[in-house]
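Report on the structure
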Amino acid sequence: MTDVSSERVVAYLRDAILGGELKPGDRIRQEDVAAKLDTSRVPVREALRMLEAEGLTEHEPHKGARVPRLTRHEVEMIYRMRERLEPLALVESLAQLDESDHERLEKVQLRIEANDDVQKFLDLDREFHMLTYRGCAIDPLNAMVTRLWNSTQHYRRAYVALGGRNRMWIVNSEHRLILDAVLRRDRTDAERYLEGHIRRTRIELGHHPEVFS
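Described in the following lines is the structure provided in the data block. Small disclaimer: the values here were computed from a predicted structure and weren't measured.

Rules of the game
Residues numbered from 1 in each chain as written. Predicted model: local features only at pLDDT ≥ 70, side-chain atom pairs only at ≥ 80, totals over all residues. Heavy atoms only, no water. Helix = DSSP H or I, 4+ residues; strand = E, 2+ residues; numbered from the N terminus. Expected span 1.5 Å × (residues − 1). Contact = heavy atoms within 4.5 Å. Salt bridge = Lys/Arg side-chain N within 4 Å of Asp/Glu carboxyl O. Buried < 20%, exposed > 50% of the residue type's maximum accessible area, 1.4 Å probe, protein only. Pairing = 2+ DSSP bridges. Phe/Tyr/Trp six-rings, centres within 6.5 Å; stacked < 30°, edge-to-face > 60°. Polar contact = N/O pair within 3.5 Å; in protein donor to acceptor, adjacent residues only side chain to side chain. Axes fitted to C-alpha atoms, helices over the stretch in contact; angles between N-to-C directions. Parallel < 35°, antiparallel > 145°, perpendicular 65-115°, else oblique. Nonpolar A, V, L, I, M, F, W, Y, C, P; charged D, E, K, R; others polar.

1. Focus on helix H5 (residues 99–113)
The first and last C-alpha atoms of H5 sit 21 Å apart over 15 residues, in line with the 21 Å expected at 1.5 Å per residue. Tucked into the core, H5 has its buried residues touching helix H6 (118–133) and helix H9 (168–184).

Written out as C-alpha cells, the structure is:
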C-alpha cells in the first residue's frame, strides 16, 4: 500500500510540474521537498518513482531527479503517438459514456469557451479529453495516454500562451466537432476529428521553435 506521505508528495510535485512551477530541466532535490512538506526522504523517493512512471520526472545517474526536457523532435514524435493512440482510446470509450458524461462534457466545453486564463484552459482541456476517454477499459492504453499528456504539458502551455485568444476559436470548433461525434457515438467521425485536432497542434507547434528553447 502506498504511504500517505508519498501520496501527499506526489500530489504536491504533480501540481508543481503540471502547473508550471517546476519547468523542464529543473532539478528536484529530495531534501528540499522533504523539508518543505515536513516529511522524511523515504516518501519523497517513493513519490519520485511514481512520478517517473507518469512521465513527469526522470532520474539521472549521479545527479538525481529532474523534470524531463524534450527536444523539438521528441515532442513531435510524442504528438504523432498521440494521433494514433488517443483515437483508439476514444473509440473504445464511446459506448460506455452515458447521459451524465455527455452533460458534463458540454459543461466543460462551455467553461473552456468562457475562459481567458492559460493555466485554467490547460486544466479544462485536459478534463475535456480525459472525460471522453473515461469509458476505455484498456489500462495500458489509458496509462500511455496519460503519460504522453504529462510529457508535453509544458510545451502545450507555451504554445497556448503564444496563440492567446486569437487561436481559441479553432480549438473550440474542433472540440465541438469531437463532442458532436461523442454524443452521436459515431466512431468514424470521433476518430477522424480527434486525430485532426492533435495533428493540427503538432504542426503549429513545429512553427514555433522558441517553445523548445
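There is more to say after this.
2. So, the pattern of salt bridges
Taken as a whole and assessed by the stated rule, the structure comprises 21 salt bridges. The partner of Arg176 in a salt bridge is Glu106, with the nearest N and O atoms 2.9 Å apart. Of the two residues, Arg176 is situated in helix H9 and Glu106 in helix H5; the sequence distance between them amounts to 70 residues. You can call Arg176 partly exposed: its relative accessible area is 29%. Notably, a salt bridge pairs Arg200 with Glu204, separated by 3.4 Å at the nearest N-O pair. Highlighted residues: Arg200 and Glu204, both in helix H10 (residues 187–206), separated by four residues, approximately one helical turn.

3. Thoughts on the sheet that holds strand E1 (residues 27–28)
Pairing in this open sheet of three strands is antiparallel, and the strands run E1-E3-E2 from one edge to the other. Two strands close off the open sheet at either side, each with one partner strand: E1 and strand E2 (58–60). Pairing analysis gives two bridges linking E1 to strand E3 (residues 64–66), with the strands arranged antiparallel. Paired with Ile28 across the bridge in E3 is Ala65.

4. Some points on the packing of aromatic side chains
A full pass over the atoms with the stated rule returns one aromatic pair. Taken together, a centroid distance of 5.7 Å and an interplanar angle of 20 degrees make the contact between Tyr155 and Phe212 stacked. Separated by 57 residues along the polypeptide, Tyr155 in helix H8 (residues 153–163) and Phe212 in the segment after H10 bring together distant segments of the chain. In this structure, Tyr155 and Phe212 share a single accessibility class: buried.

5. Overview of the side chain of Arg200
Using a relative accessible area of 15% as the deciding quantity, one classes Arg200 as buried. Those residues in contact with Arg200, other than ones at most four positions away along the chain, are Tyr159, Ile170, Val171 and Glu174.

6. What to know about the side chain of Ser93
You can see Ser93 is positioned in helix H4 (residues 72–93). Setting aside residues up to four positions removed in sequence, Ser93 forms contacts with Thr132, Tyr133, Arg134, Gly135 and Cys136.

7. Some points on H10
With 20 residues, H10 should reach 28 Å at 1.5 Å per residue; the first-to-last C-alpha distance of 29 Å fits that figure. What H10 keeps buried is the set Asp189, Ala190, Leu194, His197, Ile198, Arg200, Thr201, Arg202, Glu204 and Leu205. Here the buried face of H10 lies against H4, H6, H8 and H9. A distance of 3.1 Å separates the backbone nitrogen of Thr188 from a side-chain oxygen at the start of H10, and that oxygen is part of Asp186.

8. Comments concerning the packing of H4 against H10
One can describe the packing of H4 onto H10 by two numbers: an axis separation of 8 Å at closest approach and a directional angle of 170 degrees. Overall, the two elements H4 and H10 adopt an arrangement that is roughly antiparallel. Between H4 and H10, the residues in contact are Arg72, Val75, Glu76, Tyr79, Arg80, Arg82, Glu83, Glu86, Pro87, Leu90 and Val91 and Arg187, Ala190, Glu191, Leu194, Glu195, Ile198, Arg199, Thr201, Arg202, Leu205 and Gly206, respectively. A breakdown of the residues in the contact of H4 with H10 according to their chemical character gives nine nonpolar, two polar and 11 charged.

9. Quick notes on the environment of Val182
Here Val182 shows up in helix H9. When its relative accessible area of 1% is taken as the criterion, Val182 is described as buried. Sequence separation of Val182 and Ala95 is 87 residues, and the distance between their C-alpha atoms is 9.0 Å. Excluding residues within four positions of it along the chain, Val182 makes contact with Leu90, Leu94, Leu97, His102, Leu105 and Thr132.

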